[in-house]
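Descriptive structure summary
Each chain is listed here by its residues.
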Amino acid sequence: MKKTILSLCLVFVFVMQCSVVAFASENTTNPAQGYYSEQEAQRGDSALSVIDDAETAHRYANIQAQNAYDIVSATKQTVYVIDSFDDNGVLSESRLMTPREVSHYKSIMAANPSLKGNTWVGEDEEEHQGGKLSIYLVVYKDTSRNYYAYGTANWENGIYSGGVNGPSSGYDFLAITWGGGGELKNSSSSDRSISGIYQYNQGNISFSRAQSDTYCGYCWQFNETKGAYFADYIDCYAKLKKTYTTYRGKETNIRLTYIHTYQEAVGTISFEGGTSGAAAGVSLSSCNKQWQIEIDVPGIYY
């Protein structure tokens, strides 16, 4: 009987270990949109291991060391973008690749590393542009349970050619949102920031506020291209404080949202929700030519 119980325990431990691994790293097809994404999340001391870009990982390690923060969690999502053009060289479509397209794209890149993800011929025998986009969300906390949310968007390196307006035309948006039902706030301009640069030493990216709410989120807008050059990286940050001094043991999440557009005239950004249990969603009106991705860090206790 003891041997039977021991065997069952070992099986239970093995199943639980497999479940943890599956949660930490996952390649999925989004059921609503049909696109492929690579996702990974870790909590605790090993959280920064999900960041596979050396420069980004170094920046986040320095943030933690310089401020003596405790790391809560880190989450990453990578998607693959495909841009198509009409006979006049004008961008006609930008979307996220399907699993089949990603497999084809990766095989081309492996065989032709000098392409750097710029331009390739797809299975449809048409020329496309695009590449890889990774977003990261890292959350730290201090001894007073203030939370520090850092988000990064990394575009794959490469010079893009073709198209009257380059790879795309129109603003992109990056937002940090949170829940708390009005009990977590970001009230000071010194408690948030954003910065970024274009690839190949093309200078700094300019940003402006697209939407903000002290109690549920902040969103910036920017041009992700400069001529034929894409953004290299974009870093944003928001500090969240409780609106009271006591710890009440409530839980919510923090979300990073990236919206890509490829039309010049767009509407406005709005936040939806932001209740005690869930971060606000982000939406852009009057824009048919857009796609967005988002990642969450749960377990934000306040």
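Within each chain, residues carry numbers counting from 1 in the order of the written sequence. The predicted origin of the model limits local features to residues at a pLDDT of at least 70 and limits the giving and counting of side-chain atom pairs to 80 or more, whereas totals for whole chains, interfaces and linings rest on all residues. Side-chain metrics rest on all non-hydrogen atoms present in the structure, leaving aside hydrogens and water.

A word on the sheet that holds strand 18 (residues 290–301). Pairing between strands requires that DSSP locate at least two bridges from one strand to the other. Starting at the N terminus, helices and strands are each numbered in turn, a helix being any DSSP run of H or I of at least four residues and a strand any DSSP run of E of at least two. Spatial ordering of the open sheet is given by 11-12-8-15-18, a layout of 5 strands whose pairing is antiparallel. Pairing within the sheet leaves two strands with one partner each, and these edge strands are strand 11 (207–213) and strand 18. Pairwise comparison of adjacent strand axes, ignoring direction, gives a mean angle of 15 degrees for this sheet. When strand 11 meets strand 12 (residues 217–222), the two strands line up antiparallel, connected through 6 bridges. In the strand pairing of strand 12, R209 is matched with W220. Lines fitted to C-alpha atoms define the axes, with helix axes restricted to the stretch in contact, and inter-axis angles between N-to-C directions lie between 0 and 180 degrees.

One speaks of a salt bridge when a side-chain nitrogen belonging to Lys or Arg is within 4 Å of a carboxyl oxygen belonging to Asp or Glu. One pass over the full model with this rule turns up 10 salt bridges. Among the salt bridges present, the one from R248 reaches E183, with a minimum N-O distance of 3.9 Å. Remark: E183 occurs in the loop between strand 8 (172–178) and strand 9 (184–185) and R248 occurs in the loop between strand 14 (229–242) and strand 15 (251–261); sequence separation between them is 65 residues. On the basis of relative accessible area, E183 is assigned to the buried category, the value being 16%. Among the salt bridges present, the one from K241 reaches D191, with a minimum N-O distance of 3.4 Å. Remark: D191 occurs in the loop between strand 9 and strand 10 (192–198) and K241 occurs in strand 14; sequence separation between them is 50 residues. Using a relative accessible area of 28% as the deciding quantity, one classes K241 as partly exposed. Think of it in three bands: with a 1.4 Å probe and only protein chains considered, a residue is buried below 20% of the maximum accessible area for its type, exposed above 50%, and partly exposed in between.

Relative to the helices and strands, I176 is located in strand 8. With 82 residues separating them in the primary sequence, I176 and Y258 have C-alpha atoms 9.3 Å apart. Only heavy atoms matter for contacts: two residues are in contact if any of them lie within 4.5 Å across the pair. For I176, the contacting residues outside a window of four places in its chain are A149, C216, G217, Y218, C236, Y237, A238, I254, R255 and L256.

Our focus in this paragraph is the pairing of strand 4 (residues 91–96). Both strand 3 (residues 70–85) and strand 4 contribute to a ladder of 5 bridges, which runs antiparallel. Bridge pairing in strand 4 places D83 opposite S94. Where strand 3 hands over to strand 4, the hairpin turn is made up of 5 residues, of which G89 adopts a positive phi near 80 degrees.

A separate point is helix 3 (residues 99–111). Relative to the 18 Å expected for 13 residues at 1.5 Å per residue, helix 3 spans 19 Å between its end C-alpha atoms, a close match to the ideal helical length. Buried-residue contacts for helix 3 involve strand 2 (36–43), strand 3, strand 5 (119–121) and strand 6 (127–141). In this scheme, a helix's expected span is set at 1.5 Å multiplied by one less than its residue total.

The values reported here are purely geometric and, on their own, carry no functional implication.
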